[in-house]
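Coordinates in review
So the chains spell out like this:
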Amino acid sequence: NYKIKIGGDYTNKKDLLYKLDEWINEQKYQEYSKNTLNQYKANVLKFINWLNDDLEITKQTTMDYKDYLLEQTRKTSSINTWIIELNKFLKWLKLNDLTLKKIKQQTKTSTEEVLSITDYKRLLRHSKSMGLIKLHYIMKVLAMTGIRISELKYFTVENLKSNYIVAFNKGKERNI
């Protein structure tokens, strides 16, 4: 029978899964999107499914899980996402001493993949010559405003009549 200590009580793996559902339900009131909640649940389930059935969770257990993640993928950003979400769950269980440190990541600053003005103008000319007018204007809007593709839906005829457009993305409002 799987044992984990939660708040002084021992519980089994089934109870841990129940606690996960309880935590996810509480996260709804933090107004996370449905996709975010599904991701949280899937990533914590990844940890629960990895655990051995007869193992009590210790700091060493969570550190071993981090090593397991490193074996599975070398994508630091993915591993850090899994760690952050697991840490949130562990903190909610009041198991702060079992949380993990994220992997340090040096951000690359590169302009190698930035489109040159010449290439941008060439793309605009090409899209126009091919009769792809919609694509032509989408590229212009993206380049001139710096918006994300998901924010294109706020560019309607009605909204274009004002001096700015209000876009909502990732729980934030942004004036464009």
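For the structure, check the block above.
This section reports on the structure supplied with the text. Keep in mind that this is a model prediction, so the values were computed, not measured. (Residues numbered from 1 in each chain as written. Predicted model: local features only at pLDDT ≥ 70, side-chain atom pairs only at ≥ 80, totals over all residues. Heavy atoms only, no water.)

A word on the pattern of salt bridges. Here the structure, examined in full by the defined rule, presents four salt bridges. Between R122 and D119 there is a salt bridge; the shortest N-O distance is 2.9 Å. Here R122 pairs with D119, and both are found in helix α5 (residues 117-129), just three residues apart, close to one helical turn. On the basis of relative accessible area, R122 is assigned to the partly exposed category, the value being 46%. Residues R174 and E151 are paired through a salt bridge, measuring 2.6 Å at the closest nitrogen-oxygen approach. One end of the pair, R174, is in strand β4 (residues 172-175); the other, E151, is in the loop between α6 (133-145) and α7 (157-160), with 23 residues separating them in the sequence. Of the residues examined, E151 reaches a relative accessible area of 1% and is grouped as buried. (Salt bridge = Lys/Arg side-chain N within 4 Å of Asp/Glu carboxyl O. Helix = DSSP H or I, 4+ residues; strand = E, 2+ residues; numbered from the N terminus. Buried < 20%, exposed > 50% of the residue type's maximum accessible area, 1.4 Å probe, protein only.)

This part takes up the nonpolar core. The nonpolar side chains of a soluble globular protein tend to be buried with one another. In this structure, L20, W23, F47 and F89 are the most contacted members of the largest nonpolar core, which totals 23 residues. At the level of secondary structure, the elements contributing two or more residues to this core comprise α1 (13-28), α2 (34-50), α3 (59-72) and α4 (76-92). The element that contributes the greatest number of residues to this core is α4, accounting for six residues. Every residue in contact with W23, bar those within four places of it in the chain, is listed here: Y40, V44, E85, K88, F89 and W92. (Core = buried A, V, L, I, M, F, W, Y, C linked by side-chain atoms within 4.5 Å. Contact = heavy atoms within 4.5 Å.)

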